[in-house]
Amino acid sequence: SASASASASASASAVNVSPTAVSDYSTRASTIPLASGKERTNWSWHSSVYSSERSWMTTCIAAGLGLSYLYHARDSPSHGVHCDAQLKVKSMPGSLEESSIFVEPKSSAKFPKRLYECSLVSAGVRTMTPLKIQVYALGLYIDTIKMSRIDKIRQNAGKSGEELMSNDEFWAAITNPDLSTKRVIRMEVVRPVNGTHMQNGFDRALIPRVRKAAKDGMPGGKEALRTFNKCFLAKNQMPMGTIIEFTIQPGGTMQVVIDGTEYAVIENPALCWSVLDMFFGPKPVSWDTKASVANGFSEILASARQ
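It should be emphasised that the depicted structure is a prediction, and the values quoted were computed from it without experimental measurement. Within every chain, residues take consecutive numbers counted from 1 along the sequence as written. With pLDDT at 70 or above as the cut-off, local features in this predicted model cover only qualifying residues; side-chain atom pairs require 80 or more to be listed or tallied, and sums for whole chains, interfaces and linings still use all residues. The side-chain figures draw on all heavy atoms in the structure; neither hydrogens nor water molecules are used.

Draft legend 1. Region of the structure containing the pattern of salt bridges. The working definition used for a salt bridge is a side-chain nitrogen of Lys or Arg within 4 Å of a carboxyl oxygen of Asp or Glu. Per the counting criterion, the structure on display carries six salt bridges. Residue aspartate 151 is joined to arginine 154 by a salt bridge in which the shortest nitrogen-to-oxygen separation is 2.3 Å. In this pair, aspartate 151 and arginine 154 both sit in helix α7 (residues 151–154), three residues apart, roughly one turn of the helix. Each residue's exposure class comes from its accessible area (1.4 Å probe, protein chains only) as a fraction of the maximum for that residue type: buried when under 20%, exposed when over 50%, partly exposed otherwise. Judged by relative accessible area, aspartate 151 falls into the partly exposed class, the value being 46%. What counts as a helix is a DSSP run of H or I of at least four residues, what counts as a strand is a run of E of at least two, and both are numbered from the N terminus.

Here it is, written out as structure tokens:
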């Protein structure tokens, strides 16, 4: 009928199909003769063609209507807000996760800015001389609220990182195992090592220090160091990205966690002081890391002063 042809032409235009093609299609379908015998076979063939073409046309028209709906829905108040909100979330330049991470520039190791209720002071990378091969990145965390109440630390507000680097009294307070705030040393392995290699590296730095601690009235460091080293031997293989954490509580207790697994809790002030002194004492194993942490302390103390 005329109305059916008009409807078909309108639908065709929605999917870019020529109205002439639709008219030819309707004419061919309406002029197929009814016959018997041999001509009935032709009718069956024509009928299947008609059915196939009609199915194709229906699919095209439905697709066109769907696209038209989506196009108009994009600008409608009820749908546009929802779609735009999803796009904004996905394309937001600085996600919450990214904003809560500090990337150590030399090693590209990532450190959360908050860890176990402590704030990241700063981080650096430990290298082996003379080739300067990067071994691990290291960051120091501290409870900044409690730290700001400690006189020997608070009195250094306003000093630059360079001034703090040469302030032995300041670092003596930071490395004191009896300091009334928790400290966390977080390490990320940037060059694969095994437990024996890690043990040997710590032994070179810590054996002289636990001996000094014993002379200064902090006994038991040698035995505590054995327990400390067993953690690395038990872990053995430490590929790139392995996370090692030393959480030091006031009074001299250290928890050793590797990749989220607790390996030991060691109650020994001598070992706690030795590990802290290894990184932040007068002769640190990484001057660059200590300098970075000094700058971090300078900024934190300046903020607390305001």
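Read on for the rest.
Draft legend 2. Region of interest: the packing of aromatic side chains. Here a Phe, Tyr or Trp ring, Trp counted by its six-membered ring, pairs with any other such ring whose centre lies within 6.5 Å, and the pair is stacked when the planes are under 30 degrees apart, edge-to-face when over 60, and tilted otherwise. This model, assessed by the stated rule, comprises 12 aromatic pairs. Geometrically, the ring pair formed by phenylalanine 228 and phenylalanine 246 is tilted, given 5.2 Å between the ring centres and 50° between the ring planes. Within this pair, whereas phenylalanine 228 is found in helix α11 (residues 221–235), its partner phenylalanine 246 is found in strand β7 (residues 243–249), the two being separated by 18 residues in sequence. When sorted by exposure, phenylalanine 228 lands in the same class as phenylalanine 246, which is buried. Every member of this aromatic cluster is reached through a ring pair, and the members are Tyr136, Phe170, Trp171, Phe279, Phe280 and Phe297.

Draft legend 3. Main features of the confidence of the model for the protein chain. Predictor confidence is given residue by residue as pLDDT, running from a minimum of 0 to a maximum of 100. Predicted confidence across the protein chain gives a mean pLDDT of 78, with 67% of residues reaching 70 or more. Here residues 1–96 is modelled with pLDDT under 50, and outside its nearest four sequence neighbours on either side it reaches 26 contacts, counting other chains as well. In what follows, a contact means two residues having at least one pair of non-hydrogen atoms within 4.5 Å.

Draft legend 4. Focus on the side chain of serine 274. Within the secondary structure, serine 274 is located in helix α12 (residues 269–280). Residue classification places serine 274 among the buried positions, given a relative accessible area of 0%. Beyond its immediate sequence surroundings of up to four residues, serine 274 is in contact with Leu206, Arg209 and Val210.

Draft legend 5. View of the pairing of strand β4 (residues 118–128). Burial within β4 is extensive, with 10 of its 11 residues counted as buried. Strand pairing requires that DSSP identify at least two bridges connecting the strands. The pairing of strand β3 (residues 114–115) with β4 spans two bridges and is antiparallel. Within the sheet, the bridge partner assigned to leucine 115 lies in β4 and is cysteine 118. Taking the residues that link successive antiparallel strands as the turn, the β3-β4 hairpin has two residues, and the phi of tyrosine 116 there is positive, at about 55°. Judged from the nine bridges that link them, β4 and strand β5 (residues 133–142) form a sheet pairing that is antiparallel. Bridging across to β5, glycine 124 finds its partner in leucine 138. Counted along the chain from β4 to the antiparallel partner β5, the turn is four residues long, and its residue lysine 132 has a positive phi close to 60°.

Draft legend 6. Region of the structure containing the packing of helix α9 (residues 168–175) against helix α13 (residues 287–305). The contact between α9 and α13 brings their axes to 13 Å, and the two run at 90°. Taken as axis vectors, α9 and α13 run roughly perpendicular relative to one another. Mapping the contact onto sequence places Phe170, Trp171 and Ile174 in α9 and Lys290, Val293, Ala294, Phe297 and Leu301 in α13. Residue composition of the contact of α9 with α13, grouped by class: seven nonpolar, no polar and one charged. Each axis is a line fitted through C-alpha atoms, taken for helices only over the stretch in contact, and angles between the N-to-C directions span 0 to 180 degrees. When describing relative orientation, an angle under 35 degrees is termed roughly parallel and one over 145 degrees roughly antiparallel, while 65 to 115 degrees is termed roughly perpendicular and anything else oblique. Residues are grouped as follows: Ala, Val, Leu, Ile, Met, Phe, Trp, Tyr, Cys and Pro are nonpolar; Asp, Glu, Lys and Arg are charged; every other residue, Gly included, is polar.

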